[in-house]
Amino acid sequence: MERYFVSFLALLVIAASPGFAQQNCPLPPSIQPRSAAENIFSDAQEVDLGDAMAETIALRINVVENDQLIAHLRELGDQLVQHLPPTHLKFRFYLIDLPEVNAFSIAGGRIYVSRKIVAFARNDDEVAGILAHELGHIVTHQSAIEMTRAFRDVLGVTQVGNRDDIFRKYHQYVENFRRGKRNRNRQEEKHQIVADQVSIYALARAGFRVQALPDFWDRFNQLHGKAGSWFTDLFGSTTPEQHRLRDMVKNTASLPPGCADRPPSTEVSSFQAWQQAVVEYEGNTHSESLPGLISKHRLTMRLRSEVTNLRFSPDGKYLLAQDDGGIHILTRDPFSPRFYIPASDAREAQFSPDSASVVFETYGMRAESWSIAAQKRTSVHEITIHDACMQSQLSPDGKLLACMTEGGPLLLIDVTNSSVVYEKKDFYIPSLTEFFKLLIFVVAENPAEDNAEEEFHFANLKFSPDGHYFVASHMADFGRSASLLFDLTTRREASMPGSIRDAIEENFAFIAPDKIVGINRSSPGKSHILKLPSGERVGQVTLANGIHMRGATHGNFLIVGPMKEEPIGIISLDTGKFAAGIKQHTTDVWDGVIATERVNGELALHIGGTSDALATVQLQETRLGRLVVGAVSPDLNYLAVSTRSRGAVWDLSRDVRVFHARRFNGIGFAGNSAYAHFPKFQQWPASIGLLHVDTGAANEYREFKDEIVAQHGLYLVTTRPHKPGVASADADVRVEDIVSGQVLWSRFFAGSIPQMTFDSSSKAVLMRWAVASKGGEEELKSSPELKRSAGKEDLLCEVADASLGGLIASFIVKTNNGSVHYFRGSASREWVAMEATGDQLLTFALPSGEERGHFFGENATLSPSGMMAVNSAKREVTLYDLATSEVRQQYRFAESVSLKAFSEDGKRLLVFTNDQTVYVLDTASSLGAEPALASNPVN
């Protein structure tokens, strides 16, 4: 990165300014004063509105934190701003990570530009055109006008006051916005045209080439200069994109003579150097702000994430093992780590056909190639296309990306320049089941963290191992199907024989560069092995409908799953029999040598199905992914976390990892002991384990058979449904003290059991029902007053003493006719915190249940001393005083926050980040904090 900055800064000295400002260019006619009825916000109030908006999506957007990298963007923006009318707005420019070519602005002056826009642009003029367009939204106060209308329609508000009042009203609007009018399409198009007009004039006044914006728009939307006409308008066939292009050209032509005469820039080297740096920036280091820091240390013996992808290189010399943190590259002989690729957002990595490189794409649609010999990245490309990919697959050489778009076409994209090599229109027609899954996915504003890593795989998109062929298939309803055989050497679609088309409808796999195996849907026990591209049948194998499969990297083996007893198995295609069952979720084979991960985290090489390992190796620890469970002892001396397959317990006072165990689903500390709930795994039954953290001894404390149990700290909850197999209907719920085994209380829930959240530190349990549910209706029968105040879409909440079962409070949480969806809650004996869609977090005072605080964030942690710690951004925690709803402190960490917990007295806060660093902070200090610098796009 240092090399880039030296050359980049030198170039800026030569070519810092795009040209002379055009003094004879007028102001755009769209910039006109607005009446108070249209815009209730002054400039200062609009800045406050922007700050409130900025908090709403702080958890969802990564802002690039590199002042040198952003400096050029700010320079372009500042040059535009100085040629616009004076204002009291605060203009700020940010680079962000988004998986799409996009930019947006919010009230008050914040403009966010995705790195993909920089990658797609050809020069400074085009980037300036994007900024000018967003400035057009801001200087015409479009967000403020929209919020004026929204406040009036939804809240009945016609004026706003100070900053606190604006924040409060904005929170109220977010809670109720679904009740507002939805006909925004026409207004949206009008706003875009106004912003385009402002941008043309702003570009001209600041000395940029005005044609750059129409050029960018034309290229991005692939209009090829087609802007429609009166004739296409008459028949309604002019698209909104064509309308906008026509208006841009019209506005450019209307500029006074000499105003837009700047020729195209011939000096692009400085832009290209900056563009390359923006694309290559990895953002591995982040600043910290830790007021009141007591201690900070990275755990010496860390927990390693489970391996999710194992692949041999085609020549058998290397192995890659991919986990939540990145990609480990190992030599096979000797079996040892060679180097590591940090790539926490990478999809499945693979070796190139010549075994010289590792290639992968990220969830943000970046394609990277890493040299094994040089142990460094050799190329990186931002893939910039108009429509997002619903599903994608990178070719083995990393040069082509198969992309199934939301609009239906299947595209093959040249990674180096994002050009479309081939397009198969109407390839994807969703089945009814897929349609509803897709609908849920699209409309979900805040999917549960448990589903954050799940992907939809509606089609089969696969490249041959040598990169010669691409084969795709999709089976829709009523026998409709789509398929494609594409020859990558000629870059043309090839004729597909009927035998191949039939075999690939449900699922298929390459088992060699010129062979595939597909599931025979009507008779899966007689599935066929076929030659490619002829379709000749050369073998048969017994399979089953609904399984996933992949060919071994080398050798006549097929990896399939899930199996009845194991997650995956290996079939020998020579014998047609199972060669091995694999107890983990990933494996690979190279000529009979099987690579697996052991329960303890070691990688092992085996021959066939033998249990004896040829060689083993322990990988380095990397960043953790999503935690299944995490807990801290009341004195903050002990820490326990579990991922999807492994867990660990540490004595923080000695920096010792006392236990390294299989996954546990719950854990609680009692003095020097921990009680952990281990689910059934292989031959081990479900049980509670007693872990002596001071000595390192462990023993089984209690075994379970068919009970439905869940552990919450030191509480064990057993559910006994009256109707076998239906846990959500009439059921008895029993709460026990895990340490003593004593039944603390039990209760029969009629209709349906509530969602229950225990807080061990405050000994409180939050129970909640939908009012319209059978359980909610039954519970409200004993509370006529609450029933009268409850709407059918509201929630009934009860807070009880977790140790005694006695009721502390009962109240109704309003959803504003379904406008707010609550999905997570927690309670102390004095407060309830509820998380809702839109990253909202609401607090309720007990015992009245009065709604008190409105915040943006997630994963609220309540302290016994009346404070609440909230993840207000991925690396940021904000501490609030619950009584006043005021910020007590704000902390910023170098890595994403995985877990946080207060000490028993609430005076200290422990934060655990995904690089396994433990922070302990004094919560007594109280300093002001700025709102999170990220925003939600408001169009």
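Preceding block: the structure.
A. Just the pairing of strand β39 (residues 673–678), in detail. Counting buried residues along β39, six of its six residues qualify, which places the element largely inside the surrounding structure. Of the two faces of β39, the one carrying Ser673, Tyr675 and His677 and the one carrying Ala674, Ala676 and Phe678 are both buried. Inspection of the sheet shows strand β38 (residues 666–670) paired to β39 by five bridges, in the antiparallel sense. Counted as the bridge partner of Phe669 is Ala674 from β39. Counting the residues between successive antiparallel strands, the hairpin from β38 to β39 contains two residues, one of them, Gly671, with a positive phi of roughly 65°. Of the pairings in the sheet, the one linking β39 to strand β40 (residues 687–692) comprises six bridges and is antiparallel in character. Bridge assignment links His677 to a residue of β40, and that residue is Ile688.

B. Fine view of helix α7 (residues 163–176). The end-to-end C-alpha distance of α7, which contains 14 residues, comes to 20 Å, matching closely the 20 Å that a straight helix rising 1.5 Å per residue would cover. The element α7 is largely enclosed, with a buried count of 10 among its 14 residues. Regarding α7, the residues found buried are Asp165, Ile166, Phe167, Lys169, Tyr170, His171, Tyr173, Val174, Glu175 and Asn176. At its buried positions, α7 is contacted by α2 (43–55), α6 (142–155), β52 (840–845) and β53 (850–856).

C. A look at unusual backbone geometry. For the peptide bond that leads from Asp333 to Pro334, omega is 5°, which places it in the cis range. Mapped onto the fold, Pro334 is located in the loop between β8 (326–331) and β9 (336–342). That bond from Gly561 to Pro562 is cis: its omega, 0°, falls within 30 degrees of zero. Note on placement: Pro562 falls in the loop between β27 (557–561) and β28 (568–572). Positive phi is not limited to glycine here, since His224 has a value of about 55°. The topology assignment puts His224 in the loop between α9 (212–220) and α10 (230–234). The phi torsion at Asp426 lies on the positive side, around 55°, for a residue other than glycine. The topology assignment puts Asp426 in the loop between β17 (419–424) and α13 (432–443). For Asp426, a relative accessible area of 60% corresponds to the exposed category.

D. Representation of the environment of Arg302. For Arg302, the location among the structural elements is in the loop between β5 (293–298) and β6 (309–312). Exposure remark for Arg302: the relative accessible area of 16% places this residue in the buried category. Taking the C-alpha atoms as reference points, Arg302 and Thr622, 320 residues apart in sequence, are found 8.4 Å from one another. One polar contact links the side chain of Arg302 to the main-chain carbonyl oxygen of Leu299, over a distance of 2.6 Å.

What counts and how
- Residues numbered from 1 in each chain as written.
- Predicted model: local features only at pLDDT ≥ 70, side-chain atom pairs only at ≥ 80, totals over all residues.
- Heavy atoms only, no water.
- Buried < 20%, exposed > 50% of the residue type's maximum accessible area, 1.4 Å probe, protein only.
- Helix = DSSP H or I, 4+ residues; strand = E, 2+ residues; numbered from the N terminus.
- Pairing = 2+ DSSP bridges.
- Expected span 1.5 Å × (residues − 1).
- Contact = heavy atoms within 4.5 Å.
- Polar contact = N/O pair within 3.5 Å; in protein donor to acceptor, adjacent residues only side chain to side chain.

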